[in-house]
Amino acid sequence: MRINPFRTLQGKFTLYLSLLVIGIIAPLAYRNISREKVLMEDAIIREGEALVESLAISCTNTMLYEEIGLVEEGGLLDNYLSDLMQRKDLNIVYAMILDPRGSVIAHNAMKEVGNLYQDEVSRKALAAWSTVRQHPSAATLDISTPLAISTKRWGTLRIGISLESLNNEVSTLILKYVLYSAGLIVTAILFIAFLFSLITRPLRSLAREMDAMPATGDLPSFFPARDDEVGILQRSFYRMLKRIREDEKEKERIQRNLLLTEKMVAIGKLTSGVAHEINNPLGGILNSIYHFKKGTLSPERQREYLDLMEDGIKRIQKAVTNLLEYARNPNLQQSAVDFESIIGRALSLLDYQIRKSRINVEKEISRDLPSSLKMDRDQMGQVLVNIFLNAIQSMESGGTLRVVATALNGQLITTISDTGSGIPKDLLPRVFDPFFTTKGEGKGTGLGLWISQGIVERHGGTIHILSNVGEGTTVEIQVPIA
Ligand SMILES: Nc1ncnc2c1ncn2[C@@H]1O[C@H](COP(=O)(O)OP(=O)(O)OP(=O)(O)O)[C@@H](O)[C@H]1O
Ligand SMILES: [Mg+2]
């Protein structure tokens, strides 16, 4: 059987473990990445500030010397800036010197010289009397420092450092963490799959073994169980199956005995009656035979004894006929009954046999059947049981038992058909005879149909059988609804 992979234990475990891995790694990664970013940024800042501050000294000196005329104006400051721009360790994007009003004195881009800078960053830089860090954009760090000695100020040195490479490094770090967690999750999934295969493989094979157990009959006496927890399960499954089988067998035995007892009761009634009614005339006949054997009888006496014997035999014949009639003729105890429930009860009595022979039962009770009919519930039930049983016994390897009950022209018509072995044409006229059976010794009494016919006739009805060998048999019962 295929199960949705997310509903398997393995699927659930994998999902939860993956969430756990992500839940642990994500905050850890976030913390590490943030810390790493701060450290890298700090390094850039420290280096940038050291650079700016050391260069500021040279610039201040130069400007001082220029003012007092020790060096010639121009050139030196531009050289410092262009040297600065050459540095490869820091990604410097601009370097400039502003005079105290914001006018550009020197710039790495020559065309900027002379421009007046009034923007927010420039104003803050000009106003500060110490080194200042600013972020004109997310990817740029601006470091500025005053060019001053004591309170005398010549201007401000500003450099811009690109943080792009830092941001790139952070992105790489994030990617690394994502790959790392993905790797961890894949490893976890593989590990869980492996662990689960240790459990699910034997479980699946246990299920297969259980499915392969024969549906009926004896179980294999030896059952190879594993040496672990699954083995415990295997053994207890096997024990359970065995108990169920034993229960079934016991039930079958009880049912068989029950049917047998019913038959014995029927035979018992008949034979005891026969014994009683037959024994007396038999005594007379035996007595006559005894006298004949002695050979001392006169012709008149011989005639007399022969008449006696004839009389006795006639009495026996009559007794047998009467007894047979009597056996079929107990009084009916009619009451208003629900015919459908009689069918249901008869079927439920035979439930075990039906299931055992894997017989499919179809029931079709017409809607226009009166809800209560006048009949002898027990005897009609017996008729159905007899006929159902014949049908079941004719379908040893399965088939369909169909019961249809309808009302037509004041008659209750019940047809019971099977898809069993059928009855050969030459035997069909004899099936209602008492003691006619084709079932082996001790299996059938041959009274089932005979008794059923008697009961149906006493209800004023008729019973017919149609049958084809190899196709099945249909029994039709008609009783008046009155
Ligand atoms: N549905 C059927 N399919 C095939 N054969 C049947 C069917 N019904 C009756 N017969 C034949 O008719 C015979 C007589 O049936 P009946 O029910 O009277 O006796 P029985 O079934 O042999 O024995 P008992 O009913 O006492 O167990 C059966 O032995 C069987 O050969
Ligand atoms: Mg029978």
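Draft legend 1. Molecular detail of the overall build of the protein. A count of helices and strands for the protein gives ten helices and twelve strands. Taken over the C-alpha trace, the protein has a radius of gyration of 56 Å; the compact-globule value for 482 residues is 23 Å, which it surpasses by more than 25%. In terms of overall dimensions, the protein has C-alpha extents of about 190 × 60 × 35 Å along its principal axes. The contacts of the protein with a sequence gap of at least 6 include a subset with a gap of at least 24, amounting to 64%. Surface accessibility of the protein: about 29600 Å² in total, with carbon and sulfur atoms responsible for 57%.

Draft legend 2. Just the nonpolar core, in detail. Of all hydrophobic cores here, the largest spans 43 residues; its most connected members are Phe 339, Met 375, Phe 388 and Ile 477. Counting only elements with at least two residues in this core, the list comes to α7 (339-349), β8 (373-376), α9 (377-394), β9 (399-408), β10 (411-418), α10 (448-458), β11 (462-468) and β12 (472-480). The element contributing the most residues to this core is α9, with nine residues. Residues within four places of Ile 477 in sequence aside, it is in contact with Val 383, Ile 387, Leu 412, Ile 413, Thr 414, Ile 416, Val 456, Thr 462 and Ile 463. Within the second largest apolar cluster, 33 residues are counted, among which are Met 40, Leu 51, Ala 56 and Met 63.

Draft legend 3. Structural detail: the packing of α7 against α9. Two elements in contact, α7 and α9, have axes separated by 9 Å at closest approach and are oriented at 50°. One finds that α7 runs oblique with respect to α9. As α7 packs across α9, the resulting crossing turns out to be right-handed. In this structure, α7 contributes Phe 339, Ile 342, Ile 343, Arg 345, Ala 346, Leu 347 and Leu 349 to the contact, and α9 contributes Arg 377, Asp 378, Met 380, Gly 381, Leu 384, Val 385 and Phe 388. Residue composition of the contact of α7 with α9, by class: ten nonpolar, one polar and three charged.

Draft legend 4. Representation of the packing of aromatic side chains within the structure. Scanning all chains against the criterion turns up one aromatic pair. Look at Phe 13 and Phe 196: their rings are 5.2 Å apart centre to centre, the planes differ by 55°, and that puts the pair in the tilted class. Placement of the pair is Phe 13 in helix α1 (residues 9-68) and Phe 196 in helix α4 (residues 164-212), with a sequence separation of 183 residues. For Phe 13, a relative accessible area of 48% gives the class partly exposed. Residue Phe 196 is classed as buried on the basis of its relative accessible area of 10%. If you follow Arg 153 out to its NZ or CZ, it ends over the ring of Trp 129, 5.0 Å from the centre.

Draft legend 5. Structural view of the site of ligand 1. As a structural note, the neighbourhood of ligand 1 is formed by 20 residues, with Asn 390, Thr 437, Thr 438, Lys 439 and Thr 445 the closest of them. The side chain of Lys 439 places a nitrogen or oxygen atom 2.6 Å from an oxygen atom of ligand 1. The contact in question runs from a nitrogen atom of ligand 1 to an N or O atom on the side chain of Thr 473, over 3.4 Å. Here ligand 1, which alone exposes 590 Å², has 94% of that area covered by the protein. Those elements giving two or more residues to the shell around ligand 1 turn out to be α9 and α10. The element best represented in the shell around ligand 1 is α9, accounting for three residues. Here the shell around ligand 1 is composed, by residue class, of six nonpolar, ten polar and four charged.

Draft legend 6. Molecular detail of the pattern of salt bridges. Under the counting rule described, the total for this entry stands at 16 salt bridges. A salt bridge links Glu 250 to Arg 253, with the shortest nitrogen-to-oxygen separation between them at 2.9 Å. You can see Glu 250 and its partner Arg 253 sitting in helix α5 (residues 229-294), three residues apart, about one turn around the helix. Taking the relative accessible area as the measure of exposure, Arg 253 reaches 37% and is therefore partly exposed. With its nearest N and O atoms 3.0 Å apart, the salt bridge here joins Glu 362 to Arg 402. Of this pair, Glu 362 sits in strand β7 (residues 359-365) while Arg 402 is found in strand β9, placing the two residues 40 residues apart along the sequence. Among the ionic contacts, a cluster of salt bridges with common partners joins Glu 362, Glu 364 and Arg 402.

Draft legend 7. Examining a nonpolar patch on the surface more closely. There is a patch of nonpolar side chains on the surface, built from Phe 191, Phe 194, Leu 195, Leu 198, Ile 199, Leu 203, Leu 233, Phe 237, Met 240 and Ile 244 and spanning about 880 Å² of accessible area. When contributions to the nonpolar patch are tallied by element, the ones reaching two or more residues are α4 and α5. With six residues, the top contributor of residues to the nonpolar patch is α4. Mapped onto the fold, Ile 199 is located in helix α4. Owing to a relative accessible area of 45%, Ile 199 belongs among the partly exposed residues under this scheme.

Draft legend 8. Structural view of the domain arrangement of the protein. Its domain assignment divides the protein into domain 1 (5-170) and domain 2 (332-480). The gap between the C-alpha centroids of domain 1 and domain 2 is 105 Å.

Draft legend 9. Seen up close, the sheet that holds β11. Pairing in this open sheet of five strands is mixed, and the strands run β7-β9-β10-β12-β11 from one edge to the other. Among the strands making up the open sheet, the edge pair consists of β7 and β11. Here the strands of the sheet are splayed against their neighbours by 10° on average, with no regard to which way each runs. Looking at chain direction, β10 and β12 are connected through eight bridges and run antiparallel.

Draft legend 10. Focus on the pairing of strand β4 (residues 140-149). By the criterion of burial, β4 is predominantly enclosed, with eight of the ten residues buried. As paired strands, strand β3 (residues 132-137) and β4 are joined by four bridges and run antiparallel to one another. Looking at the pairing, Arg 133 lines up with Ile 143 of β4. As paired elements, β4 and strand β5 (residues 152-162) share ten bridges and run antiparallel to each other. Each bridged residue has a counterpart across the sheet, and for Thr 145 the counterpart in β5 is Leu 157. In this antiparallel pair of consecutive strands, β4 and β5, the connection spans two residues, and Ser 150 shows a positive phi of 55°.

Thresholds, definitions, all that
Residues numbered from 1 in each chain as written. Chains lettered and ligands numbered in written order. Predicted model: local features only at pLDDT ≥ 70, side-chain atom pairs only at ≥ 80, totals over all residues. Heavy atoms only, no water. Helix = DSSP H or I, 4+ residues; strand = E, 2+ residues; numbered from the N terminus. Rg over C-alpha atoms; globule rule 2.2 N^0.38 Å. Contact = heavy atoms within 4.5 Å. Areas by Shrake-Rupley, 256 points an atom, 1.4 Å probe, with all protein chains shown as cover. Core = buried A, V, L, I, M, F, W, Y, C linked by side-chain atoms within 4.5 Å. Buried < 20%, exposed > 50% of the residue type's maximum accessible area, 1.4 Å probe, protein only. Axes fitted to C-alpha atoms, helices over the stretch in contact; angles between N-to-C directions. Parallel < 35°, antiparallel > 145°, perpendicular 65-115°, else oblique. Left-handed = near helix turned anticlockwise from the far one by under 90°. Nonpolar A, V, L, I, M, F, W, Y, C, P; charged D, E, K, R; others polar. Phe/Tyr/Trp six-rings, centres within 6.5 Å; stacked < 30°, edge-to-face > 60°. Lys NZ or Arg CZ within 6 Å of the ring centre and 35° of its normal. Near = heavy atom within 4 Å. Polar contact = N/O pair within 3.5 Å; in protein donor to acceptor, adjacent residues only side chain to side chain. Salt bridge = Lys/Arg side-chain N within 4 Å of Asp/Glu carboxyl O. Patch = residues over 30% accessible without salt bridge, like charges linked within 9 Å, V, L, I, M, F, W, Y side chains within 5 Å. Domains from an automatic or database assignment. Pairing = 2+ DSSP bridges.

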